[in-house]
Amino acid sequence: MTSSNGSIMLILSSPSGAGKTTLTKKIQQKYQNFKISVSHTTRKPRSNEVEGIDYFFINHEEFKKRISNNEFYEYAKIFDNYYGTARNSVNKLLKNNNNILFDIDWQGTQQLSRFKELKLIKIFLLPPDKKELENRLIQRNQDNIDIISKRLKAYDNDIHHWSDYDHVIVNDNLEHCFSQIEKIILSEKNNAI
Ligand code: ADP
Ligand code: 5GP
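Owing to the predicted nature of the structure, the values given are computational and were not obtained by experimental measurement.

Rules used throughout
- Residues numbered from 1 in each chain as written.
- Chains lettered and ligands numbered in written order.
- Predicted model: local features only at pLDDT ≥ 70, side-chain atom pairs only at ≥ 80, totals over all residues.
- Heavy atoms only, no water.
- Pairing = 2+ DSSP bridges.
- Helix = DSSP H or I, 4+ residues; strand = E, 2+ residues; numbered from the N terminus.
- Contact = heavy atoms within 4.5 Å.
- Axes fitted to C-alpha atoms, helices over the stretch in contact; angles between N-to-C directions.
- Near = heavy atom within 4 Å.
- Polar contact = N/O pair within 3.5 Å; in protein donor to acceptor, adjacent residues only side chain to side chain.
- Areas by Shrake-Rupley, 256 points an atom, 1.4 Å probe, with all protein chains shown as cover.
- 1 Å grid on protein atoms, 1.4 Å probe; cavity = no way out; pocket = protein on both sides within 12 Å on 5 of 7 lines; lining within 4 Å.
- Sits in = over half its atoms within 2 Å of the grid points.
- Nonpolar A, V, L, I, M, F, W, Y, C, P; charged D, E, K, R; others polar.
- Core = buried A, V, L, I, M, F, W, Y, C linked by side-chain atoms within 4.5 Å.
- Buried < 20%, exposed > 50% of the residue type's maximum accessible area, 1.4 Å probe, protein only.
- Parallel < 35°, antiparallel > 145°, perpendicular 65-115°, else oblique.
- Left-handed = near helix turned anticlockwise from the far one by under 90°.

Participant: I would appreciate a short explanation of the sheet that holds strand β4 (residues 56–57) in the present structure.
Facilitator: Sheet strands associate in pairs through backbone hydrogen bonding, adopting either a parallel or an antiparallel arrangement. Strand order in the open sheet formed by 4 strands is β4-β3-β6-β5, and the pairing between neighbours is mixed. Whereas interior strands pair on both sides, the edge strands pair on one side only; in this sheet they are β4 and β5 (72–78). Direction of pairing for β5 relative to strand β6 (residues 81–86): antiparallel, over a ladder of 6 bridges. Considered in β6, the bridge of I78 is made with N81. This element, helix α2 (residues 60–68), spans β3 (40–41), β5 and β6 of the sheet and lies at about 45 degrees to β6.

Structure follows, in structure tokens:
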């Protein structure tokens, strides 16, 4: 993978429920040249999720086949499911000179960081505290209590990975967090000129 055309690749990672999906969608809406990299996953779709928009939903066997065909730039097993970034999806976006938004975890971020030629901006989002994270996971109203407690349990390990990132932002007030991300994007764009 090369981004010699200067495309920005913005990675947002966080403990589950901190606000990555909300923020990547907000960035894409405001900045038309940023497109979300749609991942493949073996997780079952949530009631509000759309095939090809939120994820490409495939089964375990299909995912394994794609791993052995080397079809992913990165992939990871998270909460008992596989998630991965397909080479052809990203290459298509790069061909069209898009900037790319990745909503991926710390394992995927480490794998993409090995492509030294990429212009990655790595942002780690934190919730204000664990209790608020729990509230958000409950209010999202998309996962059952077992899944929510698995995600909360992962929090203590997830947050250790903040130091792999260029920026760490607390997503307390959504608009404030968004404007901090915008500042980072604009400063990277200016540096590229
Ligand atoms: P993630 O993609 O990181 O798992 P989501 O974007 O799905 O998280 O956000 C989890 C829930 O928290 C959603 O219901 C979302 O609307 C809500 N949320 C996101 N950011 C904030 C915020 N700053 N304040 C309050 N609720 C938020
Ligand atoms: P969710 O099930 O809430 O949509 O996502 C669970 C976790 O998987 C989140 O941390 C999300 O960022 C991560 N994730 C989603 N897609 C990918 C991917 O393609 N690769 C990796 N490594 N993580 C992903």
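There's plenty left to go through after this.
Participant: What should I look at first to understand the site of ligand 1 in this one?
Facilitator: Neighbouring ligand 1 are 14 residues, the closest being G17, T21, T22, R140 and D172. Between ligand 1 and the protein, one listed contact pairs an oxygen atom with a backbone N or O atom of A18 at 3.4 Å. The separation between an oxygen atom of ligand 1 and a polar main-chain atom of G19 is 3.0 Å. It is helix α1 (residues 20–30) that provides the largest number of residues to the shell around ligand 1, a total of 3 residues.

Participant: What am I meant to see in the sheet that holds strand β1 (residues 9–13) here?
Facilitator: Sheet architecture is open: 5 strands sit in the order β2-β7-β1-β8-β9, paired in parallel fashion. Either end of the sheet is taken by a strand with one partner, and the two such strands are β2 (34–36) and β9 (167–170). Across the sheet, the mean angle separating the axes of adjacent strands is 25 degrees when strand polarity is ignored. Judged from the 5 bridges that link them, β1 and strand β8 (residues 120–126) form a sheet pairing that is parallel. In the sheet register, I11 faces β8, and the bridge partner there is K122.

Participant: Please explain the site of ligand 2 as it appears in this structure.
Facilitator: Near ligand 2 lie 16 residues; those nearest to it are S39, R43, Y55, Y83 and D103. G84 is positioned with one of its backbone polar atoms (N or O) 3.2 Å from an oxygen atom of ligand 2. At a separation of 2.8 Å, a nitrogen atom of ligand 2 approaches a polar side-chain atom of D105. With the chains in place, 96% of the 510 Å² that ligand 2 exposes on its own is no longer accessible. The pocket occupied by ligand 2, as judged from atoms lying within 2 Å of grid points, is the largest pocket. Residue assignment for the shell around ligand 2 shows that the elements contributing at least two residues are β5 and β6. For the shell around ligand 2, the per-class residue count stands at 5 nonpolar, 4 polar and 7 charged.

Participant: I'm lost on the nonpolar core in this one. Help?
Facilitator: The nonpolar side chains of a soluble globular protein tend to be buried, and buried together. Ranked by size, the top nonpolar core spans 18 residues in total, and within it L10, I27, F34, I123, L125 and I181 carry the most contacts. Sorting the residues of this core by element identifies β1, α1, β2, β8 and α7 (174–192) as the ones contributing at least two each. Broken down by element, this core gets its largest block of residues, 5 residues, from α7. Once residues lying within four places of it in the same chain are set aside, the contact partners of I181 are L10, L12, L23, I27, I123, L125 and I169.

Participant: What is the right way to read the packing of helix α5 (residues 130–140) against helix α6 (residues 145–158) from this model?
Facilitator: A pair of packed helices can be characterised by two numbers: the angle between their axes and the separation between those axes. One can describe the packing of α5 onto α6 by two numbers: an axis separation of 10 Å at closest approach and a directional angle of 155 degrees. Taken together, the axes of α5 and α6 lie roughly antiparallel to each other. As α5 runs across α6, the sense of the crossing is right-handed. On α6, the residues touching K130, L133, E134, L137, I138 and R140 of α5 are I148, R151, L152, Y155 and D156. When grouped by side-chain class, the residues that make up the contact of α5 with α6 number 6 nonpolar, no polar and 5 charged.

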